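Examination of the molecular architecture
This is what each chain is made of:
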There are 2 protein chains.
Amino acid sequence: MVAALQKEMLAAIEEELHHQVERLDHSPFQPYHEMLTYHMGWTVEGASANTSGKRTRPLMLLLCAACGKQPYDWHRALPAAAAIELIHNFTLIHDDIQDNSETRRNRLTVWKKWGVPMGINAGDGLFSIANLAIMDLDRDHNQATILKVNRLLQETCLQLTGGQFMDMSFESQDVVPLDSYWSMISLKTANLISTATEIGAILSGEPDALIMNYKQFGHYLGLAFQIKDDILGIWGTESMTGKSISSDLVSGKKTLPILYGLQKKGLFYNRWVKGQIKSEEVPLLAEQLSKEGAKVNALEAFDKVNEMTKEQLRFISPEGPAGMALHDLVSQLEERVA
Amino acid sequence: MVAALQKEMLAAIEEELHHQVERLDHSPFQPYHEMLTYHMGWTVEGASANTSGKRTRPLMLLLCAACGKQPYDWHRALPAAAAIELIHNFTLIHDDIQDNSETRRNRLTVWKKWGVPMGINAGDGLFSIANLAIMDLDRDHNQATILKVNRLLQETCLQLTGGQFMDMSFESQDVVPLDSYWSMISLKTANLISTATEIGAILSGEPDALIMNYKQFGHYLGLAFQIKDDILGIWGTESMTGKSISSDLVSGKKTLPILYGLQKKGLFYNRWVKGQIKSEEVPLLAEQLSKEGAKVNALEAFDKVNEMTKEQLRFISPEGPAGMALHDLVSQLEERVA
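Just so it is clear, the model here is predicted, and its values are computed rather than measured. (Residues numbered from 1 in each chain as written. Chains lettered and ligands numbered in written order. Predicted model: local features only at pLDDT ≥ 70, side-chain atom pairs only at ≥ 80, totals over all residues.)

The number of helices and strands found in chain A is 16 helices and 2 strands. Here chain A has a C-alpha radius of gyration of 20 Å; the compact-globule value for 338 residues is 20 Å, and the two agree. For chain A, the spread of C-alpha atoms along the three principal axes comes to 60 × 50 × 35 Å. The burial tally for chain A puts 49% of its 338 residues in the buried class. Taking all contacts inside chain A whose residues are at least 6 apart in sequence as the whole, residues at least 24 apart take part in 72%. (Helix = DSSP H or I, 4+ residues; strand = E, 2+ residues; numbered from the N terminus. Rg over C-alpha atoms; globule rule 2.2 N^0.38 Å. Buried ≥ 20, exposed ≤ 12 C-beta atoms within 10 Å, placed from the backbone. Contact = placed C-beta atoms within 7 Å.)

Dropping the structure here:
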C-alpha cells in the first residue's frame, strides 16, 4: 500500500512536470524546449528511468500534504510539487556551470552539450516555469494560501542563492569554520526540502504550530541527507577501494569530514594543502582522516540530526499510508551509514 | 511640473530598489550584496549618477499608473516598478556573461569583476528579489490583483528567456528572416516595457479594454526604442566618423539594417561573410549599407512603430502631469533618428 501510493505520486509528479515544461513546446522554441526535457531526463540520447533523479522533494511535499488529520486530496498539491522540483533542477543546471561539471547522471550536462550561454538561459527558463507552476495552485486553493506559499517559495529561492554564494566562497578560503558549513548546507541543501514539507502542511490545512514541525522535519531530514552524502563521499565502498574518481577527496569539495580534518592540522591537513589528491591516494587518506577523528565526528553529527528528524516526525505523527511512507523514508536514510 | 513629477518618481524608484536589495544586506552575505549594489550602480569604484541606467521601465509603469481617469496614488505601485527594474537587471547580468561583454556603462561587468559562477548567482539573486518585490504589492492591493500581476510578470520572464534563446540562436544562423527578428525583439526587448505599462494600468484600475491599449502602447514603444538603437548603432554620429568601436558592424550583432543588407546579397553581404569588420571599415560599410536601402527600410520601420505608439497613446488619452510626461517621452523618441 505504501509502495503503491509512492508509485502513484511519482507518476503524477512526472505528468505534472511534463505539463509545466510543455509551456515551451511550440515554434520557434522546440530546440530550447528540448534542452529542458533533456535535463529533466525525458528525451535525447541516454534518457531512461535513471536519468530523471529521484524526485525526493516533490514526493516529500505530497506525502506531507497527504498525512495530516484533515482529509486533503494530494493531487491538489501537484502544481506546488512540480514548482519545487523545477526550482531544484534550475539550480542544478546553473550549479553544473558554476562547478564546471561535465556530466550528471552519466550524461553530458546542459552547458557541456549546448554551451554556457544556452545553459544559463535554460536554468532561467526552468526558474520562470517554476514560478508559473506555483500559480497553478489557483485550480484548487484560495488566493491567500497561494500568496503565502509563493512568498515562502521565493524567499527560499533567495536563500538558495545565499547558500550557493557561501559554498562558492568556501573554495577560495583556507579556513572554513564548521558553523559556516552548517549555515551553508542549511541554506543550500536542507532549505528546499524544508520548504517542500512546509508547503505540504500549509496546503493541507494543518494548524500553524504543526506547520513549524513539518518545516523542521524537512530541515533536519535535509541535513541528514547531506551529512550521509558527505560520509559516503569519503568512506563509501567505491572510495575505500580507490576505484572511484568521484571521491570528495579528489574533487576537493569542502565537506564536513574534510573541514574537520583541516581543523586538526595533522597529517591529513599537510597532504591537503600540497595540492590536488590523486585517486590512488584515496584509500590511505580516507583512513588517515578516519584516524584523526573525522569519521566519528561525522557519524555523531548524522546521529544527532537523524534523532531530531525522528523527533519532529513524532510531533507530526503522520497518518495513513502517506504517514507510513514518511516513516519508511526516514528508516531508509539510516541504512548504509557507517 | 512634468520634470518635477519624473524627478520625484525616479527618486522613489531608487529608494524602493534599495529597500528591496537590502534583503541581502546582512552577514554572511555582504560581499554578495555588494555585487548587486555594484551592478545597480550604487557602490564600488566608478559609481555615479550615470552608472544606474535610466530606469525607463519602472518610470513607464508609474506614469501609466498615474495618468488614468481613476484617482490612484502611484506610490502604491512602487513594488511593481522595482520588480520590473530588478528583472531587467537580472537579465543584463546574465546577458553580459552570454555575450562575453566585459564592460557596461564604462565599468567592468559583474562576471568580469567576480567571475562567471558568481555572476550567474548574482543574476539568480536579483530575479528572486524581483519575485519578492512584486509580492510587496500586498501593502496596498487586493489578493486577486497581486496574483494577476504576478502571473503576468512570470509569463513575461519566460518569454524573455524565449527571446534570448532566439537572439543567441541567430548568432550561428547564416540567414535570419526579418519576421524572426521582429519576433525576437518583441519577446526580448518590447516585452518588459509592455508588461510595465500593462501592470501600471491594471494597478490603477483601468477598464480591461483600455489595459490592452496600455499593453500595446508599451509594445510599440519598445519596438521603436529598439529600431532607433539599431539605426544609431550603425549611422549614429560616432559610427559615421569611425571613432567608435562599439558600432554594431564591428560587434557583428544581427540588427534590422544588417539583416536587411544580408538579404540583399550585394557588396555589404560579400564583405560581411568574409569575417569580422574592423573599425576603420565602418564609415564606408555604413554608407554601402545605406546605398543598398537598409537605412530607408529601418527609418520606415521606425516611423511605422512610432505611429502605432502614438495611436495607442491617443486611445489612452492620458491625463494630468503623468499624461504630459508620457507625451514628452514619445516626442523624445523621435529626436536624433535619421
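There's plenty left to go through after this.
The next subject is the interface of chain A and chain B. Contact residues are listed per partner, giving 36 residues for chain A and 36 residues for chain B. Where the side of chain A that touches chain B is concerned, the elements lending two or more residues are helix H4 (78–98), helix H6 (116–135) and helix H7 (143–171) of chain A. Looking at the side of chain A that touches chain B, the element that brings in the most residues is H7(A), giving 16 residues. For the side of chain A that touches chain B, a count of residues per class yields 19 nonpolar, 12 polar and 5 charged. (Nonpolar A, V, L, I, M, F, W, Y, C, P; charged D, E, K, R; others polar.)

Counting 193 residues, the largest nonpolar core has Leu61(A), Ala80(A), Leu61(B) and Ala80(B) as the members making the most contacts within it. With near-sequence residues (within four places) excluded, Ala80(B) lies in contact with Leu61(B), Ile134(B), Leu137(B), Val149(B), Ile199(B) and Leu203(B). (Core = buried A, V, L, I, M, F, W, Y, C linked by C-beta atoms within 7 Å.)

What follows deals with helix H9 (residues 208–235) of chain A. The terminal C-alpha atoms of H9(A), which comprises 28 residues, lie 41 Å apart, in line with the 40 Å expected from a rise of 1.5 Å per residue. With respect to burial, H9(A) is a largely interior element, 21 of its 28 residues being buried. (Expected span 1.5 Å × (residues − 1).)

Attention now moves to helix H3 (residues 56–66) of chain A. It helps to recall that an α-helix has 3.6 residues per turn; residues three or four apart then point in one direction. All names here are of chain A. Summarising burial for H3: 10 of the 11 residues are buried, a large majority. If you check which residues of H3 are buried, you get Arg57, Pro58, Leu59, Met60, Leu61, Leu62, Leu63, Cys64, Ala65 and Ala66. On its buried face, H3 is in contact with helix H1 (2–21), H4, helix H8 (178–203), H9 and helix H16 (320–334).

Here we come to the environment of Thr255(B). One can find Thr255(B) in the loop between helix H11 (248–251) and helix H12 (256–264). Residues Thr255(B) and Ala298(B) lie 43 residues apart in sequence; the distance between their C-alpha atoms is 10.0 Å.

The next subject is the relation of the copies chain A and chain B. After a rotation of 180 degrees and a shift along the axis of 0.0 Å, chain A superposes on chain B with an RMSD of 0.0 Å. Seen this way, the second copy is the image of the first under a two-fold rotation axis. For chain A, the residue whose C-alpha comes nearest the rotation axis is Gln143(A), separated from it by 3.1 Å. Most of the interface of chain A is mirrored in chain B, where 100% of its interface residues again form contacts. (Least-squares fit on C-alpha atoms with pLDDT ≥ 70 in both.)

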